[in-house]
Amino acid sequence: MSQRHLAREEKRLAMVKRGKEKRDKLRTAQIDPKLSDEERLAIRLKLNAMPRDTSPSRRRRRCAATGVSRSVDRKTGLNRISFRNMALFGQLPGVTKSSW
């Protein structure tokens, strides 16, 4: 795993945290029925003008053990290969290899 990818993810996380309050305020104001259509359009344009990396959906889920971004389980935070290896070596409590 390259350090460049991890640094990019850390930068995105910092930008998401920094822009969260402003983005949430604009998002709630955008759907306010009391505002006129022109005002809501102006708010939507402000929201679109914000940096893309301040959006939480731009973040990528990464494996906690290796930093790999593919096939990461939401519950454990590990990708499938790390999960399998840790389960085989008994490093995950409550997980056993099935046999039948």
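Residues numbered from 1 in each chain as written. Predicted model: local features only at pLDDT ≥ 70, side-chain atom pairs only at ≥ 80, totals over all residues. Heavy atoms only, no water.

Caption draft 1: Spotlight on the overall build of the chain. Of the regular secondary structure elements, the chain holds 3 helices and 0 strands. Sequence-ordered secondary structure for the chain, helices as α and strands as β, is α-α-α. Once the C-alpha set of the chain is aligned to its principal axes, its extents read approximately 65 × 35 × 15 Å. Considering the chain as a whole, with its 100 residues, one finds that 24% of them fall into the buried category. Across the chain, contacts joining residues at least 24 apart in sequence account for 37% of those joining residues at least 6 apart. Entry remark: accessible area of the chain is about 8200 Å², with carbon and sulfur atoms responsible for 53%. (Helix = DSSP H or I, 4+ residues; strand = E, 2+ residues; numbered from the N terminus. Buried < 20%, exposed > 50% of the residue type's maximum accessible area, 1.4 Å probe, protein only. Contact = heavy atoms within 4.5 Å. Areas by Shrake-Rupley, 256 points an atom, 1.4 Å probe, with all protein chains shown as cover.)

Caption draft 2: Examining the pattern of salt bridges more closely. Within the structure shown, the criterion is met by 5 salt bridges. The salt bridge involving Asp24 is made with Lys20; its shortest N-O contact spans 2.9 Å. Placement of the pair is Asp24 and Lys20 together in helix 1 (residues 3-30), with a separation of 4 residues, close to one helical turn. Classification of Asp24 by relative accessible area gives partly exposed; the value is 29%. (Salt bridge = Lys/Arg side-chain N within 4 Å of Asp/Glu carboxyl O.)

Caption draft 3: Main features of the environment of Ala7. Along the chain, Ala7 falls in helix 1. Among the residues examined, Ala7 registers a relative accessible area of 42% and is labelled partly exposed. For the pair Ala7 and Leu35, spaced 28 residues apart in the sequence, the C-alpha separation amounts to 40 Å.

Caption draft 4: A look at the nonpolar core. If you look at the biggest cluster of nonpolar residues, it comprises 5 residues: Cys63, Val72, Leu78, Ala87 and Leu92. Not counting chain neighbours up to four residues away, the residues in contact with Cys63 comprise Val68, Val72, Gly77, Leu78, Asn79 and Ser82. (Core = buried A, V, L, I, M, F, W, Y, C linked by side-chain atoms within 4.5 Å.)

Caption draft 5: The side chain of Arg23, seen in detail. Within the element layout of this structure, Arg23 appears in helix 1. With no salt bridge to any partner, buried Arg23 finds its closest opposite charge in Asp24, at an N-O distance of 6.8 Å. Of the polar contacts made by the side chain of Arg23, one reaches the side chain of Thr54; its length is 2.8 Å. Once residues lying within four places of it in the same chain are set aside, the contact partners of Arg23 are Leu47, Met50, Pro51, Thr54, Ser55 and Pro56. (Lys, Arg positive; Asp, Glu negative; His and termini not counted. Polar contact = N/O pair within 3.5 Å; in protein donor to acceptor, adjacent residues only side chain to side chain.)

Caption draft 6: Representation of a positive patch on the surface in the model. On the surface, Arg4, Arg8, Lys11 and Arg18 cluster together to form a positively charged patch. Following the sequence through the fold, Arg8 ends up in helix 1. For Arg8, a relative accessible area of 36% translates into the label partly exposed. (Patch = residues over 30% accessible without salt bridge, like charges linked within 9 Å, V, L, I, M, F, W, Y side chains within 5 Å. Charge placed at Lys NZ, Arg CZ, Asp CG, Glu CD.)

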